[in-house]
2 protein chains.
Amino acid sequence: MKYNFGAGPGILPQEVLLEASQGVLDFNKSGLSILEISHRSTDFEAVLAEAISLVKELLEVPEGYQVLFLQGGASAQFSMVPFNLLDESNKAAYLDTGVWASKAIKESKLFGETVVVASSKATNYNTIPEGYTIPSDAAYFHITSNNTIYGTELLTYPESPVPMVADMSSDMFSHAVDVSKFGIIYAGAQKNMGPAGTTLIIIREDILGKLSRKIPSMLDYKAHIDGGSMYNTPPVFAIYVSMLTLRWLKKKGGVNAIEKENIDKSSRLYTEIDRNPLFKGSADSKYRSRMNVCFVTHDPNHEKPFLDFVKTKGIIGLKGHRSAGGFRASIYNALPVSSVEVLISAMKEFETLQK
Amino acid sequence: MKYNFGAGPGILPQEVLLEASQGVLDFNKSGLSILEISHRSTDFEAVLAEAISLVKELLEVPEGYQVLFLQGGASAQFSMVPFNLLDESNKAAYLDTGVWASKAIKESKLFGETVVVASSKATNYNTIPEGYTIPSDAAYFHITSNNTIYGTELLTYPESPVPMVADMSSDMFSHAVDVSKFGIIYAGAQKNMGPAGTTLIIIREDILGKLSRKIPSMLDYKAHIDGGSMYNTPPVFAIYVSMLTLRWLKKKGGVNAIEKENIDKSSRLYTEIDRNPLFKGSADSKYRSRMNVCFVTHDPNHEKPFLDFVKTKGIIGLKGHRSAGGFRASIYNALPVSSVEVLISAMKEFETLQK
């Protein structure tokens, strides 16, 4: 038995994997694999329609928004957002909360004036900045809702005078979101939604069409909206598995039910980190992520022995990102609470062994 | 039993589907799905390395070229190519042989002067133009090697005074290619290489770095080369299945062996089209594609009855593209010759029924 705490591509529900595996052999009893059917077939059009409809239902997406499943990951959105919204006539505002935010900022600077309203870089991004001002003449204000590397998360969003754009790659579908606060939400699938290979975009249509810049079709949100998320051949399998995962989430009770589970799982783990004298949490406790629980050993000499020890328990993917060190327990939607219990037991057992 | 003549995403080898299905449940006996492992894991790094190495081996890729597996399909390459190679200081040349070529031309025009050296649009792209001149001061000359919609294929390539760039989406790996003739070859996976969701790029490094334009990272070939085809999270599953398909191709004897099969399959089908008094081929016989065999009925009233008839035989995906009409038998690498025989028998039987 393996307990997969990997940061992503991350764990997916077992029943989704079973159905996806079957779909690779024979999709919908069609006699064909999901990998070899036309994206224009009624069978796949139904998959895409259901995926879009599940996103709208699960997040209560208001009127005026479009849902797209594109390729390229969040990194592609880093340039697609300013390509569509920023030019010499305006400016963009960004909150710098980690490596991914700073990559988004770097791309934005290619397109126009980019204001970084605040950064927590000085403390290696262990917290989320506060007390900044968002320029009211910015085209948009960009945030990263969860910072996988450092284990920080924005659980309440700033009040912004301009449309917010959020990279929600690592906490999308882990809790309820008031979509109406955002101009664009984007998220790579490979944490809570599906396998690597597709990116969800939720976009308020009226923020588009304000620039005179000519945009290459594949980078133009409008082209993808007009094409019904099939401007060109979509990543069929990644969308299919995302649809299955969203179905699973709906069956579990949706984002409110999963949010309760995520609060429960993360609270248990943080409680043990705070109790156990060998460990301490890495992130500012005010912004502790419910998705990526980052912690270290007080004694650096305990780090490797602990990693070796958990390996014997079947726990994998616990090593922290190289730029943060220590441990990172990614406890995405599909990770059962029993896996968290296994990790907590291992921490207690390791504590006993050090005595 | 289904005989899948779909134009793409197209048929894949059964043994690849079996192994991919298993990998979704348990990859390499790791206890984890290929969908939930880190792209930085040694297991996946081995998959990517093998995929790249198989491309190099199968196509005898010379020194100086890089192999990338990106996202976005060939459509993304339509803008990525000029983004990296074309600006106000130079020009690009294109051969217009169909809808996909004309889409590539449209994107190129956003970036700089775009010369269309010749077009077969006037005859609804039923042939490939000849007798044109490629400007010797162009940055590159772009061709589409196979035109799925119209069933035309360039089986010998033009002599070009400038680097050639080729969209080989629909005939990549169906025959040997002298890669040294090209600056860039790109191909969406979903015909002969794997499922939709990844795009193969073979690029000669020395054609890069000649423009002063700033290129967004995700559109910059250099960034992907520097990242070893993992600038960001790659489409893990699509690359995995592509690797399995390339392994299968190698086991079959590689591109020379498959080329013989493809010549055999397409010749049989064209022979029947030319013999059978009910049908005629759509494309100029000089440029008949070995991948997409397009044909029509002499009597338009036979079209629907024939489609209904073949359906009773388990033949699917035979309807021609809406812009060309008639029938299109896509006979990609993975389609067995026995399926072609089933189609030929159905054509003969239909002929008898009309007497």
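The rules behind the values
- Residues numbered from 1 in each chain as written.
- Chains lettered and ligands numbered in written order.
- Predicted model: local features only at pLDDT ≥ 70, side-chain atom pairs only at ≥ 80, totals over all residues.
- Helix = DSSP H or I, 4+ residues; strand = E, 2+ residues; numbered from the N terminus.
- Rg over C-alpha atoms; globule rule 2.2 N^0.38 Å.
- Buried ≥ 20, exposed ≤ 12 C-beta atoms within 10 Å, placed from the backbone.
- Pairing = 2+ DSSP bridges.
- Axes fitted to C-alpha atoms, helices over the stretch in contact; angles between N-to-C directions.
- Contact = placed C-beta atoms within 7 Å.
- Least-squares fit on C-alpha atoms with pLDDT ≥ 70 in both.
- Parallel < 35°, antiparallel > 145°, perpendicular 65-115°, else oblique.
- Nonpolar A, V, L, I, M, F, W, Y, C, P; charged D, E, K, R; others polar.
- Domains from an automatic or database assignment.
- Arc of directions from axis to C-beta.
- Right-handed = clockwise from strand over helix to strand, strands pointing away.
- Core = buried A, V, L, I, M, F, W, Y, C linked by C-beta atoms within 7 Å.
- Left-handed = near helix turned anticlockwise from the far one by under 90°.
- Expected span 1.5 Å × (residues − 1).

Regarding its fold elements, chain A presents nine helices and 14 strands. For 355 residues, the compact-globule estimate of 2.2 N^0.38 gives 20 Å, and chain A sits close to it at 21 Å. With respect to the principal axes defined by its C-alpha atoms, chain A has extents near 65 × 55 × 30 Å. Per-residue burial for chain A yields a buried fraction of 54% across its 355 residues.

Moving on, we come to the sheet that holds strand β12 (residues 292-297) of chain B. Residue and element names in this part refer to chain B. Across the sheet, which stays open at both edges, the three strands sit in the order β11-β12-β14 with antiparallel pairing between neighbours. For this open sheet the edge positions go to β11 (279-281) and β14 (327-330), each flanked by a neighbour on one side alone. Mean inter-strand twist for the sheet, computed between neighbouring axes without regard to direction, equals 35°. As judged from the four bridges shared by β12 and β14, these two strands associate in the antiparallel manner. Looking at β14, one finds that asparagine 292 is bridged to serine 330. Along the sheet, helix α7 (residues 254-275) contacts β11, β12 and β14; its crossing angle with β11, the most-contacted strand, is approximately 130°.

Now for the environment of serine 102 of chain A. Residues and elements named next belong to chain A. Along the chain, serine 102 falls in helix α4 (residues 99-108). According to the C-beta neighbour criterion, serine 102 is partly exposed, with 16 such atoms within 10 Å. For the pair serine 102 and arginine 204, spaced 102 residues apart in sequence, the C-alpha separation works out to 24 Å.

As a further point, take the relation of the copies chain A and chain B. Superposing chain A onto chain B takes a rotation of 180° plus a shift of 0.0 Å along the axis, which leaves an RMSD of 0.0 Å. Given the turn and translation reported, the copies of this chain are related as if by a two-fold rotation axis. The position closest to the rotation axis in chain A is occupied by the C-alpha of serine 21 of chain A, lying 2.3 Å away. Of all interface residues in chain A, 100% are interface residues in chain B too; the two copies therefore contact each other through one and the same surface.

Close contact between helix α1 (residues 14-25) of chain A and helix α1 (residues 14-25) of chain B brings their axes to 8 Å; oriented N to C, the two are set at 175°. Considering the angle they form, α1 of chain A stands roughly antiparallel to α1 of chain B. Touching Leu17, Ala20, Ser21, Val24 and Leu25 of chain A of α1 of chain A are Leu17, Ala20, Ser21, Val24 and Leu25 of chain B, all from α1 of chain B. Broken down by class, the residue content of the contact of α1 of chain A with α1 of chain B amounts to eight nonpolar, two polar and no charged.

The next subject is the interface of chain A and chain B. Listed by partner, the interface residues are 47 residues for chain A and 47 residues for chain B. For the side of chain A that touches chain B, the secondary-structure elements that each account for two or more residues are α1, α3 (73-85) and α6 (236-251) of chain A. Broken down by element, the residue count for the side of chain A that touches chain B peaks at five residues, all from α1 of chain A. Taken together, the residues of the side of chain A that touches chain B sort by class into 23 nonpolar, 20 polar and four charged.

On to the domain arrangement of chain A, then. Interface extent is often summarised as the accessible area lost during association of the parts. Residue and element names in this part refer to chain A. Taken domain by domain, chain A comprises domain 1 (14-251) and domain 2 (254-353). Taken over C-alpha atoms, the centre of domain 1 sits 27 Å from the centre of domain 2. Contributions of two or more residues to the side of domain 1 that touches domain 2 are made by β7 (152-153) and α6.

Residues and elements named next belong to chain B. Of the positions making up helix α4 (residues 99-108), those classed as buried are Trp100, Ala101, Ala104, Ile105, Glu107 and Ser108. The arc that holds the buried residues of α4, viewed along the axis, is 165°, so those residues lie on one side. Residues of α4 that are buried in the fold lie against α3 (73-85), β3 (91-96), β4 (113-119), β5 (140-144) and β8 (164-167).

A separate point is the environment of alanine 257 of chain B. The residue alanine 257 of chain B is located in helix α7 in this model. For the pair alanine 257 of chain B and isoleucine 202 of chain B, spaced 55 residues apart in sequence, the C-alpha separation works out to 22 Å.

On to unusual backbone geometry, then. Residue proline 9 of chain A follows glycine 8 of chain A across a cis peptide bond; omega there is 0°. Looking at the secondary structure, you find proline 9 of chain A in the loop between β1 (3-4) and α1. Within the chain, phenylalanine 173 of chain A stands out as a residue other than glycine whose phi angle is a positive 70°. Relative to the elements of secondary structure, phenylalanine 173 of chain A occurs in the loop between β8 (164-167) and β9 (182-188). On the neighbour-count criterion, phenylalanine 173 of chain A (27 C-beta atoms within 10 Å) is buried. The backbone phi angle of glutamate 60 of chain B is positive, close to 50°, even though this residue is not glycine. The topology assignment puts glutamate 60 of chain B in the loop between α2 (42-58) and β2 (65-70). On the basis of neighbour counts, which here come to 13 C-beta atoms within 10 Å, the residue glutamate 60 of chain B falls in the partly exposed class.

Right, let's get into the sheet that holds strand β4 (residues 113-119) of chain A. Residues and elements named next belong to chain A. Read across the sheet, seven strands follow the order β2-β10-β9-β8-β5-β3-β4 without closing on themselves; strand pairing throughout is mixed. What marks the edges here is a single partner per strand, and that holds for β2 (65-70) and β4. Mean inter-strand twist for the sheet, computed between neighbouring axes without regard to direction, equals 15°. Pairing geometry for strand β3 (residues 91-96) and strand β5 (residues 140-144), over three bridges, is parallel. Directly across from alanine 93, in β5, lies its bridge partner phenylalanine 141. Sitting on the sheet, α3 is in contact with β3, β5, β8, β9 and β10 (199-204), with an inclination near 155° to β9.

What follows is about the pairing of β4 of chain A. All names here are of chain A. Sheet analysis places β3 next to β4, joined by six bridges and oriented parallel. By the bridge assignment, aspartate 96 is partnered in β4 with serine 119. In the classification by handedness, the crossover that spans β3, the intervening α4 and the parallel β4 is right-handed.

Time to look at the nonpolar core. By size, the foremost hydrophobic cluster in this structure holds 221 residues, and its most contacted members are Ala51, Val55 and Leu200 of chain A together with Ala51, Val55 and Leu200 of chain B. Ignoring anything within four residues of it in the chain, the contact list for alanine 51 of chain A reads Phe69, Ile239, Ser242, Met243 and Leu246 of chain A.

It is worth spelling out the packing of α2 of chain B against helix α6 (residues 236-251) of chain B at this point. Each pair of packed helices gets described by two things: the angle between the helix axes and the distance between those axes. Residue and element names in this part refer to chain B. Two elements in contact, α2 and α6, have axes whose closest approach is 9 Å; the angle formed by their N-to-C orientations is 45°. With respect to α6, the element α2 is oriented oblique. Pair α2 / α6 crosses with left-handed handedness. For the pair α2 and α6, the contacting residues are Phe44, Val47, Leu48, Glu50, Ala51, Leu54, Val55 and Leu58 in the first and Val236, Ile239, Tyr240, Ser242, Met243, Leu246, Arg247, Leu249 and Lys250 in the second. Counted by class, the contact of α2 with α6 contains 13 nonpolar, one polar and three charged residues.

Moving on to the environment of leucine 48 of chain B. All names here are of chain B. Secondary-structure assignment places leucine 48 in helix α2. When the 21 C-beta atoms within 10 Å are taken as the criterion, leucine 48 is described as buried. In the structure, leucine 48 is positioned 21 residues away from phenylalanine 69 in sequence and 8.6 Å away in space, judged by C-alpha atoms. If we ignore the near neighbours within four places in the chain, the residues touching leucine 48 are Ser229, Pro234 and Ile239.

Residue and element names in this part refer to chain A. If you check helix α9 (residues 337-353), its first and last C-alpha atoms are 24 Å apart, about what 17 residues at 1.5 Å a residue would give, namely 24 Å. Those residues of α9 that fall on the buried side of the exposure criterion are Ser339, Val340, Leu343, Ala346 and Met347. Down the axis of α9, the smallest arc covering the buried residues is 115°, so these residues share one side. In this structure, α9 carries Ser338, Ser345, Glu349 and Thr352 as exposed residues pointing more than 90 degrees from its buried face. Where α9 is buried, its residues contact β1, α7 (254-275), β11 (279-281), α8 (303-311), β13 (315-316) and β14 (327-330).

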